[in-house]
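Structural features, examined
Here is how the chains run, residue by residue.
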Amino acid sequence: MTVIRPYYSTESASALHYDLVAFADPAVQLDVDLYAHMAKAGGSILELGAGTGRVAIPLAERGFEVTGLDIAQGMLVRAEAKRATLPAEVAVRLHFVRGDMRSLALGRQFDAIIASYFTFAHVQPSAAWKQAFAGMARHLAPGGVIALHLPDAEPMKRPAPSPDIPVFRKPIEGGVLTLFVAAQTFNEKVGRFDLLLDYVTSTDKGVETARSRERYTLFVGDPEPYAAKAGLRPAGPPEALGATGFIHKFVKC
Ligand SMILES: C[S@@+](CC[C@H](N)C(=O)[O-])C[C@H]1O[C@@H](n2cnc3c(N)ncnc32)[C@H](O)[C@@H]1O
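Given the structure is predicted, the values throughout are model-derived calculations rather than measurements.

**Re helix α7 (residues 127-139)**
Since the α-helix advances by 3.6 residues per turn, residues separated by three or four positions end up pointing in the same direction. Under the 1.5 Å per step criterion, the end-to-end length of α7 is 18 Å for 13 residues, consistent within 8% with the ideal 18 Å. Buried-residue contacts for α7 involve β2 (44-48), β5 (110-115), β6 (140-151), α8 (224-229) and β11 (232-234).

**A word on the environment of Val-167**
Along the polypeptide, Val-167 turns up in the loop between β6 and β7 (168-172). Classification of Val-167 as partly exposed rests on a count of 14 C-beta atoms within 10 Å. Expressed as a C-alpha distance, the spacing of Val-167 and Leu-197, which sit 30 residues apart in the sequence, is 9.6 Å. For Val-167, the contacting residues outside a window of four places in its chain are Pro-161, Leu-179, Phe-180 and Val-181.

**Brief notes about the nonpolar core**
Grouped together as the largest cluster of nonpolar side chains are 59 residues, with contacts concentrated most on Ile-45, Ala-112, Ile-113, Ile-146 and Ala-147. Examining the composition of this core, we find that six residues originate from one element, β6, more than from any other. Mapping this core onto the domain boundaries places at least three of its residues in each of domain 1 (24-152 + 220-252) and domain 2 (154-218). Apart from residues no more than four positions distant in its own chain, Ile-113 is found in contact with Leu-46, Leu-48, Met-136, His-139, Leu-140 and Ile-146. With seven residues, the next largest nonpolar core counts Leu-177, Leu-179, Leu-195 and Tyr-199 among its residues.

**Brief notes about the confidence of the model for the protein**
Close inspection of predicted coordinates is inappropriate in any region flagged by low pLDDT. Averaged over all residues, the pLDDT of the protein equals 97, while 100% of them reach at least 70. The element-level mean pLDDT for the protein is lowest in strand β1 (residues 4-6), coming to 96, with β2 highest at 99.

**Observations concerning helix α5 (residues 73-83)**
Considered for burial, the residues of α5 that qualify are Met-75, Leu-76, Arg-78 and Ala-79. Mapping the buried residues of α5 onto a view down its axis gives an arc of 160°, with all of them on the same face. Contacts made by the buried residues of α5 are with α1 (13-16), α2 (18-23), β3 (65-70) and β4 (94-98).

**Overview of unusual backbone geometry**
Here Leu-30, not a glycine, exhibits a phi torsion of approximately 65°, which is positive. Residue placement: Leu-30 occurs in the loop between α2 and α3 (31-35). Assessed through the 9 C-beta atoms surrounding it within 10 Å, Leu-30 is described here as exposed. Look at Tyr-117: it is not a glycine, yet its phi comes out positive at around 50°. Position of Tyr-117 relative to the elements: it lies in the loop between β5 and α7. Taking the number of C-beta atoms within 10 Å as the measure of exposure, Tyr-117 has 20 and is therefore buried.

**Looking at the domain arrangement of the protein**
Assigned domains within the protein: domain 1 (24-152 + 220-252) and domain 2 (154-218). Relative placement of domain 1 and domain 2: their C-alpha centres are 26 Å apart. Between domain 1 and domain 2, the contact holds ten residues from the first and six residues from the second. Here the residues of the side of domain 1 that touches domain 2 are counted per class, giving six nonpolar, three polar and one charged.

**A word on the environment of Thr-119**
Inspection of the secondary structure puts Thr-119 in the loop between β5 and α7. Separated by 32 residues in sequence, Thr-119 and Pro-151 place their C-alpha atoms 9.4 Å apart. Once residues lying within four places of it in the same chain are set aside, the contact partners of Thr-119 are Leu-48 and Gly-49.

Criteria and thresholds
- Residues numbered from 1 in each chain as written.
- Predicted model: local features only at pLDDT ≥ 70, side-chain atom pairs only at ≥ 80, totals over all residues.
- Helix = DSSP H or I, 4+ residues; strand = E, 2+ residues; numbered from the N terminus.
- Expected span 1.5 Å × (residues − 1).
- Contact = placed C-beta atoms within 7 Å.
- Buried ≥ 20, exposed ≤ 12 C-beta atoms within 10 Å, placed from the backbone.
- Core = buried A, V, L, I, M, F, W, Y, C linked by C-beta atoms within 7 Å.
- Domains from an automatic or database assignment.
- pLDDT = per-residue confidence, 0-100.
- Arc of directions from axis to C-beta.
- Nonpolar A, V, L, I, M, F, W, Y, C, P; charged D, E, K, R; others polar.

Now the structure itself:
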């Protein structure tokens, strides 16, 4: 029986190859520029689900004081490794912490709170969104803004790619990484989208060296009722980012 690993878990290929796949994704091209306008120059930013620091690191390089929170040790290890290579004046502005966005308790407030690349959609709209919004409201400084990049449900309704046709292929050290969608489902009633992704590494000559099947889950839902219950209101209409998602911004009522 094929083992199915959770996405981003310590032993997962999704954590190992995260940067290669994420930096190539058109869904998030130029998103750092957008988040860099969420706080005043030198202000504080809390990134929920900071992963390997794809967004947190360039924000710190631009002068912001950044806290990157993530639940997955396998992602944070990579973020910390990159932080260790940064100039001291940048590294001092950047902190990674292990934590769950559903139970935020950092004991301070931030000028901006962001969740890039569909991160907030890993959490189910339900009690979990209620808790996450309440936590964000508590951690948002007066005059601050929350920005959540959430996926559009429409592309999730499209037919699944053929399991034999690669959806991603790039050279890696000593060979090639290829991704296949083994299965794709969208339960529209509950707003749940699941992908079973096969990460396959092979030599330049096409000999398979490793294979990992991993489950990637996103939820879709309307964030506004949850925000309202937490005392937050939309800062404007959602703005498209990439072809498959929208930035939803909230401020205190
Ligand atoms: C798509 S990655 C985004 C990483 C980074 N923000 C970026 O844009 O490249 C999603 C991240 O959210 C994290 N995550 C998922 N659920 C979480 C939770 N409940 N609390 C904190 N982090 C979570 C995952 O571990 C993963 O690192």
